[in-house]
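# Descriptive analysis of the structure
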Amino acid sequence: MALSDEQRAGLIRAQLGALVRDLTGVDSDVASLGVNAATVFDGTAYLFAPAANAATLAGAMAWTIRQEAADLVLFTDDLGGDVARMATDFTLPVTIRSVHGSSSVVVQPAPHPDVVAAPDAPEAAGLIAQLADAGLEIVVEDGVVRGEVRGLEVARLVVWPAESGGDGLLHLEAGVGRFDRDAVAAMHQGEPPTTTLARSVSLVRSERVAGGATHPLARLARERWVRCAVLADPALVGATQLHAVQTTVSRDNVRDVSPAAALGTAADGSPMLVVCSSGADLGFVPIAADTRAWLAPDARLVLAVPGRDRLTLLDRLAALLIEPAEVVTVPAPWDLVDDAESSGAGPQGAAGPGSGIGA
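So, here's what we can say about the structure. (Residues numbered from 1 in each chain as written. Predicted model: local features only at pLDDT ≥ 70, side-chain atom pairs only at ≥ 80, totals over all residues. Heavy atoms only, no water.)

## Considerations on the overall build of the protein
Quick note on the threshold: Here a helix means four or more residues in a row that DSSP labels H or I, a strand means two or more in a row labelled E, and each is numbered from the N terminus. Radius of gyration here is computed from C-alpha atoms only, and the compact-globule reference equals 2.2 Å multiplied by the residue count raised to the power 0.38. Remark: exposure states derive from per-residue accessible area (1.4 Å probe, protein chains only) relative to the maximum for the residue type, with buried under 20%, exposed over 50%, and partly exposed in between. For the area figures, the Shrake-Rupley method with a 1.4 Å probe applies, and any residue is considered shielded solely by the protein chains shown. Counted charges follow a simple rule, with Lys and Arg positive, Asp and Glu negative, and His plus the chain ends left uncounted. Note on charges: their place is set at NZ of Lys, CZ of Arg, CG of Asp or CD of Glu.
Scanning the protein from terminus to terminus reveals eleven helices and 15 strands. Whereas a compact globule of 359 residues would reach a radius of gyration of roughly 21 Å, the protein reaches 22 Å, a difference of no more than 12%. Projected onto the principal axes, the alpha-carbon positions of the protein cover approximately 70 × 55 × 35 Å. Burial analysis of the protein (359 residues in total) assigns 49% to the buried set. Entry remark: accessible area of the protein is about 15900 Å², with carbon and sulfur atoms responsible for 53%. Each charge class in the protein was averaged separately, 25 positive and 44 negative side chains, and the resulting centres sit 4 Å apart.

Right under this line is the structure:
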């Protein structure tokens, strides 16, 4: 018999109570916090989140700030090594503990992932040229070459593995995400890739425009659309030049909301890392700091968001970094009205080309 939401919340609260008791020997009043549970005892915030990720960490830190607690203990069912590493970028003392029954152990920070290089196959240059000829933004992340229209992937270079009947070579596949690429290939067998690509680009470009925010194609990957605008006009964030880079968190499909980063040079000649987001996504702060530590430890970190998405907690988390980040508001490229002006923030500082959108 499936548990109700109330029963599940009760179990989470009971588990956190047992975990805190195991550490402190004291029973504490535990409250539900969304799908998680939390309590404060003797100046320390305790939170249990079965799944640990950057958003969990940011939310737990935000709750700790509101409670005016001095430090945070975050329990999780996950291994939590990546989150433990992200936590080291903040001045707020955070301990990640992996749960084992009613007890827990401290999680040590995991190392940063390896940087995956772009494919160097002989056919790569010609395929990348085809993406460029189609007027696409060419982005290399996690070793994958993508062609994007205003931040939305419409094509990528994919190896057709020999073990599954392919030729082991790179190929250009058009479509918004994996499912759409598969649908396009099935519907238009034998069609030249450039023809397929042109159709996909035309559709996405027609819908991903300012004022077209209601269309599904205009609502996907908005954080990457913000990055696209910043790359086109680096002065928006006080930079002179920027190029797209990956973050320490891989994006599995086009529906995932994941921060979009760019590395370059500030107006004063110093290195700058810009990480873009949209919506109420506090989790991009630890990802941004983690990415700086990974790719450019000496870089100035700028967090770029549309004006309406500049939350007070975003500024507070940015200020809690050991090397604080600057929050900058930029116009929302999908709005007809300058988003920064309409918010009063100022510059201070579902159909795809085939059968559907996905992966």
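## Examining the sheet that holds strand S12 (residues 260-266)
For clarity, the threshold we go by: Should DSSP find at least two bridges between two strands, the strands are taken to pair. Axis angles are defined between N-to-C directions and span 0 to 180 degrees, where every axis is a line fitted to C-alpha atoms and, for a helix, only to the segment in contact. Note on contacts: a residue pair qualifies if any of its non-hydrogen atoms lie within 4.5 Å across the two residues.
Ordered by their spatial adjacency, five strands build an open sheet running S11-S12-S13-S14-S15, and the pairing between neighbours is mixed. Unpaired on one side and paired on the other, strand S11 (239-245) and strand S15 (326-330) mark the two borders of the sheet. Ignoring strand direction, the axes of neighbouring strands in this sheet form an average angle of 30 degrees. Packed on one face of the sheet, helix H9 (residues 284-295) meets S11, strand S13 (271-276) and strand S14 (300-306) and runs near 145 degrees to S14.

## Let's talk about helix H4 (residues 124-133)
Cut-off, in case you're wondering: For this quantity, the arc is that covered by the directions from the helix axis to the C-beta atoms.
Of the residues making up H4, those classed as buried are Ala 124, Leu 127 and Leu 131. One side of H4 carries all its buried residues, which in axial view fall inside an arc of 70 degrees. Exposed side of H4, more than 90 degrees from the buried face: Ala 125 and Asp 133 are the residues found there. Phi for Gly 135, located one or two positions after H4, is positive at around 80 degrees.

## Notes on the pairing of strand S6 (residues 103-106)
With four bridges connecting them, strand S5 (residues 94-100) and S6 associate as antiparallel partners. Bridging from a neighbouring strand, Ser 98 pairs with Val 105 of S6. Hairpin connection of S5 to S6: two residues between the antiparallel strands, including Gly 101 at a positive phi of 70 degrees.

## So, empty space enclosed by the protein
Here is the rule: Using a 1 Å grid laid over the protein atoms alone, points where a 1.4 Å probe fits but cannot get out form a cavity; open sets with protein on both sides within 12 Å along at least 5 of 7 lines form a pocket; any residue with an atom within 4 Å of a point counts as lining. Grid points are joined across faces, edges and corners, and a volume is the space filled by probe spheres set on the points. Any residue outside Ala, Val, Leu, Ile, Met, Phe, Trp, Tyr, Cys, Pro, Asp, Glu, Lys and Arg is labelled polar, Gly included; the first ten of those are nonpolar and the last four are charged.
Empty space within the largest cavity amounts to approximately 90 Å³. Broken down by class, the residue content of the lining of the largest cavity amounts to two nonpolar, four polar and five charged.

## A short note on the pairing of strand S3 (residues 44-48)
With five of its five residues buried, S3 lies for the most part within the structure. Side chains Thr 44, Tyr 46 and Phe 48 project from S3 onto one buried face, and the interleaved Ala 45 and Leu 47 project onto a second face that is buried too. The hairpin formed by strand S2 (residues 36-41) and S3 contains two residues between the paired strands, and Asp 42 there has a positive phi angle of roughly 55 degrees. Note: S3 against strand S4 (residues 71-76), five bridges, orientation parallel. Counted as the bridge partner of Leu 47 is Leu 74 from S4.

## Focus: the packing of aromatic side chains
Test applied: Pairing of aromatic side chains requires ring centres within 6.5 Å, counting the rings of Phe and Tyr and the six-membered ring of Trp. Pairs whose planes differ by under 30 degrees are stacked, by over 60 edge-to-face, and all others tilted.
Taken as a whole and judged by the stated rule, the model has two aromatic pairs. Plain terms: the ring middles of Tyr 46 and Phe 75 are 6.4 Å apart, the flat faces sit at 20 degrees to each other, and that makes the pair stacked. Taken together, the residues span a long stretch of sequence, with Tyr 46 in strand S3 and Phe 75 in strand S4 at a distance of 29 residues. Considered together, Tyr 46 and Phe 75 belong to a single accessibility category, that of buried residues. With centroids separated by 5.7 Å and ring planes inclined at 55 degrees, the aromatic side chains of Trp 225 and Trp 334 adopt a geometry described as tilted.

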